[in-house]
Amino acid sequence: MDYKKTAISIIELVGGEGNVQNVIHCMTRLRFNLQDQSKVDRKRLEKVPGIMGINVSGDQFQIIIGNDVPKVYNAILENSAIKIDSKTKQSAKKQNPINAIFDVISGAFTPLLPAIAGAGMIKGILAIAIAFGWTTDKSQLYTILNAIGDGAFYFLPILLAVSLAKKFGSNMYVAAAIGAALLHPTLTALLGAGKPVAFLGIPVTAVTYSSTVIPILLAIWIAAYVEKWVDRIIPSMFKLILVPTLTLLIIVPVTLIAVGPLGSIIGNWLSLGVGALFEHGWIFAGLILGGTWSLIIMTGMHYAFLPVVMNNLTTKGYDVILPSMFMANMGQAGATFAVSLRSKNKSFKSLAMTTSLTAIMGVTEPAMYGVNMRLKKPFIGGLIGGAVGGAYYSAVGVKYFILGGNVGLPGVASFIGSTFILAIIGLPIAFAAGAIATFIMGFEDVEREGEQDTTTVEETNTFDTKSELVVAAEQVFSPLKGEVKALSEVNDPTFSTGIMGKGLAIQPQEGKVVSPVTGRVTTIFKTKHAIGITSDNGAEILIHVGLDTVRLQGKHFTAHVKDGDFIEVGQTLVTFDMDAIKAEGYDLMTPVIITNPDRYQTIEPVKQGKINTREAFLALQ
């Protein structure tokens, strides 16, 4: 790759130097903050030699490069007048209010998703057990499982309070105390007794705070300002005691008197508005929502619907929004399935079939980013499938009764209730509609192996698969203690779609990364969250601890090696504070990627499930 040429092309195609507010890089991507993303020529950018793909995450425009990203980054700085000053550049950019609201809701809910997903799956399993008569709602088994499944939802205000406080930069434990006060059994009983309640003579409106979202969101937002104001006026020697004391004494009564009732009213209005849309809009409400869900997910705006969904489930006992998300996922799965049937490229056909199955199971990113959006028309076919399924759900009045942990086949228990059979019928309808639409529209297939000429290979910087050069077979050992996961389970399309290479992921149970091979450290990123290794036999390996952890700027990570060091199997490379990183809201799923997969005939997993360091992990042939 000609780094200078690639860098100049990137600068031109992102809209020129004047359109760049800031640019940084992680282990695999250039991360741009741009003045205007509409100025980017995405079509030409994707064809620049060395660029594996592009992705947009919030206000950040990402260009996926791979292991050569530091060299491209340096070439950008050397061949432009772009000056890096992340603090002034980022602070200079002001979000509009709508984006700011979406950013807050998304940032608050994302760390909670594992807890909500796990609890939701348990509630779904319990619903199935009741439906089949395996237990009753009077049994002790039901009581215990219901507590496990319902706990995260009942105490959602406390969980959200912690997450919101982190987002707003206030004390997380004071925020948790605010949420706990609102859910205290004595206060709950007082507000639910049906008698007038007052605080210092000021009337308190009776509101149920369990499982609610908007009241605690408003409360913690105000609490962040109150806490900072109190912190400014209190002398340093009294801050430890008086700042949290005054914050609690101000915020909890204000929430009970004004903020909580206001939040409850807003939530009810939103629910009524959505209900009216589906009641009077009939099939058009589901058609529009089902047809746009995939686009909504791509922008991150789907988190904005969660408060409304939670309010619907709490006040009505059911929701009509999330069924459309099921339809969108089935539509994308159907479109990808059609690609697998029509494509003549054997490897791409296999990719499409695999990602279609993962989309059916509720994980759509590999299908959307790796197949449908790549070919464009199948993505439109998926949108059509979602629209058809959404229209059907609206027409027959399908309801969603449990906030499950999945919007795919494993999550169908969320529909158990009066419309369960109708909901199940809708899944193949959306799938078939997406597949048929894709068949009818067709698509420009990916070139078959062997059809590329020498010029194309050179221009796209693609490894020549006809080459006789094959790295010696070897075994890669596990660099972490944890649980082995498929790359498709990684919540980042750069890894889950195989753009970076083949391999597996590990959900770590210990904050230590050891060398999986004997070889040399080729790159350890300055933020220490990712490390590149080349084995003595030629395997190039990338270990990326967590997702988006580059933003921590090295905090909570300690490197024990440096670039160029010789390493042996089991030697400690990096240690990290798991609890601290999780508390910051980051996913610790760690992809372990073979970044030169074309040099091997097969890359096979050796072990699944739980694994310890130095256990056999991948077999390279």
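Residues numbered from 1 in each chain as written. Predicted model: local features only at pLDDT ≥ 70, side-chain atom pairs only at ≥ 80, totals over all residues. Heavy atoms only, no water.

A closer look at the overall build of the chain
Let me state the cut-off plainly: We count a stretch as a helix when DSSP gives it H or I for four or more residues in a row; a strand needs E for two or more, and each element gets its number in order from the N terminus. Burial classes: relative accessible area under 20% of the type maximum marks a residue as buried, over 50% as exposed, and values in between as partly exposed (1.4 Å probe, protein chains only). Where accessible areas are quoted, they stem from the Shrake-Rupley method and a 1.4 Å probe; at the residue level, only the protein chains shown are allowed to cover.
The helix and strand inventory of the chain stands at 22 helices and 20 strands. Relative to its 621 residues, the chain shows a buried fraction of 48%. When the accessible surface of the chain is summed, it comes to about 28,900 Å², and 60% of that surface belongs to carbon and sulfur atoms.

Some words on the pattern of salt bridges
Defined as follows: Any Lys or Arg side-chain nitrogen found within 4 Å of a carboxyl oxygen on Asp or Glu counts as a salt bridge.
Tallied over the full model, the rule gives 10 salt bridges. With its nearest N and O atoms 3.7 Å apart, the salt bridge here joins D41 to R44. Each of E12, D41 and R44 takes part in salt bridges that share partners, so that together they form one network.

Details of the packing of helix α18 (residues 377–396) against helix α19 (residues 420–441)
What counts, and what does not: Axis definition: a line fitted to C-alpha atoms, over the contacting stretch in the case of helices. Angles run 0 to 180 degrees between N-to-C directions. Any angle between 65 and 115 degrees counts as roughly perpendicular, while under 35 counts as roughly parallel, over 145 as roughly antiparallel, and the rest as oblique. By convention the crossing between two helices is left-handed if the near helix lies anticlockwise of the far one by an angle smaller than a right angle, and right-handed if it lies clockwise. Note on contacts: a residue pair qualifies if any of its non-hydrogen atoms lie within 4.5 Å across the two residues.
For the pair α18 and α19, interaxial distance at closest approach is 7 Å and the crossing angle is 150°. Relative to α19, the element α18 is oriented roughly antiparallel. With respect to the hand of their crossing, α18 and α19 are arranged in right-handed fashion. Contacts between α18 and α19 pair K377, P378, I380, G381, I384, G385, V388, G389, Y392, Y393 and V396 from the former with L422, A423, I425, G426, L427, I429, A430, A433, G434, A437, T438 and M441 from the latter.

A closer look at the packing of helix α7 (residues 140–154) against helix α8 (residues 156–168)
Counted only if it meets this: Residue polarity is assigned by list, with Asp, Glu, Lys and Arg as charged and Ala, Val, Leu, Ile, Met, Phe, Trp, Tyr, Cys and Pro as nonpolar; anything else, Gly included, falls into the polar class.
Direction vectors running N to C along α7 and α8 enclose 50°, while the axes themselves pass 5 Å from each other. Of the possible angle classes, the one that applies to α7 and α8 is oblique. Packed against α7, whose contacting residues are A152, F153 and Y154, the element α8 presents L156, P157 and L159 at the interface. Here the residues of the contact of α7 with α8 sort into 6 nonpolar, no polar and no charged.

Concerning the confidence of the model for the chain
Put simply, the rule reads: pLDDT measures how confident the predictor is about each residue, on a scale from 0 to 100.
For the chain, per-residue confidence averages 82 on the pLDDT scale, and 87% of positions sit at 70 or higher. Below a pLDDT of 50 lies the segment residues 85–93, which in the model reaches 11 contacts outside its immediate sequence neighbourhood of four places, other chains included. Every residue in residues 449–471 is under pLDDT 50, and counting partners more than four places away or in other chains gives 22 contacts.

Overview of the packing of aromatic side chains
Where we set the bar: Within 6.5 Å between ring centres, the rings of Phe, Tyr and Trp (the latter by its six-membered ring) count as paired, and their orientation is classed by plane angle as stacked under 30 degrees, edge-to-face over 60, tilted in between. Ring-over charges, as used throughout, are those where CZ of Arg or NZ of Lys falls within 6 Å of the ring centre and within 35 degrees of the ring normal.
In the structure shown here, the tally under the stated rule is 10 aromatic pairs. Centroid distance F557 to F576: 6.0 Å. Interplanar angle 35°. Geometry classified as tilted. Of this pair, F557 sits in strand β14 (residues 557–559) while F576 sits in strand β16 (residues 572–576), and the two are 19 residues apart along the sequence. F576 gets classed as buried once you look at its relative accessible area, which sits at 7%. Grouped by ring-pair contacts, the aromatic residues F326, Y392, Y393, Y400 and F415 constitute a single cluster. Directly above the ring of F443 sits R342, whose terminal nitrogen or CZ lies 5.9 Å from the centroid. Above the face of the Y318 ring, K399 is positioned so that its terminal group lies 5.1 Å from the ring centre.

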